[in-house]
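Observations on the three-dimensional arrangement
Residue-level listing of the chains:
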Amino acid sequence: MLPVILLPLLTLVHAPFDGFIFPLTEENPWSGQADAGLTFLSGNNTSSTSSLNAQLEWKLNDTRWLGTSQYTGIRQENSEGLASTTSRLYHFGLAYNSLFGEENEWFFYSKSAARNDTPNGLELRADIGLGLGYRHAWNDLSWTSFEFGPSLIRENLVGAITEDTFNSRFALSSEIDLGNSWTWTAKGEYFSSTEDSNDQSFTGESGIRWAFHEGWFLQGTAALAWDGTPAVGFGNSDNRFMLTIGMTF
């Protein structure tokens, strides 16, 4: 199943990148954003935390493709001065939307994603799914989107065998303009197994973005990953806090 999931992601990587700095039009249907952050701590706990996030969208008429990627790594130095990477989080996703309705506010979606967070007990969570979505525009700068449908998940927890299960999926994403170049962002994704009511998971982020210059922004983000049936010896939830600088294109 994994090659099937990764194939569209590899296709996205090799897509043309010309013209991203121009406005989104029928001649140039590409848009996106990317941000990165790096934090250093010194003293008793010498460490560095890096974060990279990217989103790429292609939209033309009643068709939309959306690709996302995320990386967070923590590198620590011990008392002997030797440094090693103690935590890595990877996430890749690709979604296709077929839009319909008077203002293309409704859409059918198909999506695939893969997540790895080994230090927190997750070797792999890969999903393939489809369903129905609705995107409501509050104004020109604010919107909220909902998605619901079935998904097939392949999950491999640390110290456990790989399992394939059918799940119900609910997702939400939103951007709300707060005025004066400030924006509130949020997104979340929830899975619930149809075979075991305790087998549930949720990942979500919420942040505040400040557009300090045309095409550039600063963002503070709080993220939560929760698993109802974590790997043996691991807790249910993990939290991350990031401060990043990014650009839109």
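Residues numbered from 1 in each chain as written. Predicted model: local features only at pLDDT ≥ 70, side-chain atom pairs only at ≥ 80, totals over all residues. Heavy atoms only, no water.

**Some details on a nonpolar patch on the surface**
Among the surface-exposed residues, L178, W182, W184, I208, W210, F212, W216, L218, I245 and M247 lie close enough to one another that they form a single nonpolar patch of about 880 Å² accessible area. Where the nonpolar patch is concerned, the elements lending two or more residues are β9 (182-193), β10 (200-213), β11 (216-227) and β12 (237-248). In terms of residue count, β10 provides more of the nonpolar patch than any other element does, three residues in total. Looking at where M247 falls in the secondary structure, it is placed in strand β12. (Patch = residues over 30% accessible without salt bridge, like charges linked within 9 Å, V, L, I, M, F, W, Y side chains within 5 Å. Areas by Shrake-Rupley, 256 points an atom, 1.4 Å probe, with all protein chains shown as cover. Salt bridge = Lys/Arg side-chain N within 4 Å of Asp/Glu carboxyl O. Helix = DSSP H or I, 4+ residues; strand = E, 2+ residues; numbered from the N terminus.)

**Here's the deal with the layout of surface pockets**
Where empty space is left becomes clear once a probe the size of a water molecule has been rolled over the atoms. The volume enclosed by the second largest pocket comes to roughly 360 Å³. Lining the second largest pocket are 23 residues, with T49, T72, I74, R240 and F241 sitting closest to its centre. Mapped by element, the contributors of at least two residues to the lining of the second largest pocket are β1 (30-41), β2 (46-60), β3 (63-77), β4 (83-100), β5 (106-117), β11 and β12. At seven residues, the largest contribution of residues to the lining of the second largest pocket is made by β12. Classifying every residue of the lining of the second largest pocket by side-chain character gives nine nonpolar, ten polar and four charged. (1 Å grid on protein atoms, 1.4 Å probe; cavity = no way out; pocket = protein on both sides within 12 Å on 5 of 7 lines; lining within 4 Å. Points joined across faces, edges and corners; volume = space filled by probe spheres on them. Nonpolar A, V, L, I, M, F, W, Y, C, P; charged D, E, K, R; others polar.)

**Brief notes about the pattern of salt bridges**
Tallied over the full model, the rule gives nine salt bridges. The partner of R169 in a salt bridge is E147, with the nearest N and O atoms 2.9 Å apart. Of this pair, R169 sits in strand β8 (residues 163-179) while E147 is found in strand β7 (residues 143-157), placing the two residues 22 residues apart along the sequence. The buried category is assigned to R169, whose relative accessible area is 5%. According to the relative accessible area criterion, E147 is buried, its value standing at 16%. Between R169 and E189 there is a salt bridge, and its shortest N-O distance comes to 2.6 Å. Of the two residues, R169 is situated in strand β8 and E189 in strand β9; the sequence distance between them amounts to 20 residues. This pair shows no difference in class: R169 is buried, exactly as E189 is. (Buried < 20%, exposed > 50% of the residue type's maximum accessible area, 1.4 Å probe, protein only.)

**Examining unusual backbone geometry**
Phi at N104 takes a positive value of approximately 55 degrees, unusual for a residue other than glycine. Along the chain, N104 turns up in the loop between β4 and β5. One non-glycine residue, S181, lies in positive phi territory at about 70 degrees. Within the element layout of this structure, S181 appears in the loop between β8 and β9. Given a relative accessible area of 40%, S181 falls into the partly exposed group.

**Overview of the confidence of the model for the protein**
Taken over all residues, the pLDDT of the protein has a mean of 86, while the share at 70 or more is 83%. Averaged over each element, pLDDT in the protein is lowest for helix α1 (residues 2-13) (36) and highest for β9 (98). Confidence drops under a pLDDT of 50 for residues 1-24, and excluding neighbours within four residues, the segment shows 31 contacts in the predicted structure. (pLDDT = per-residue confidence, 0-100. Contact = heavy atoms within 4.5 Å.)

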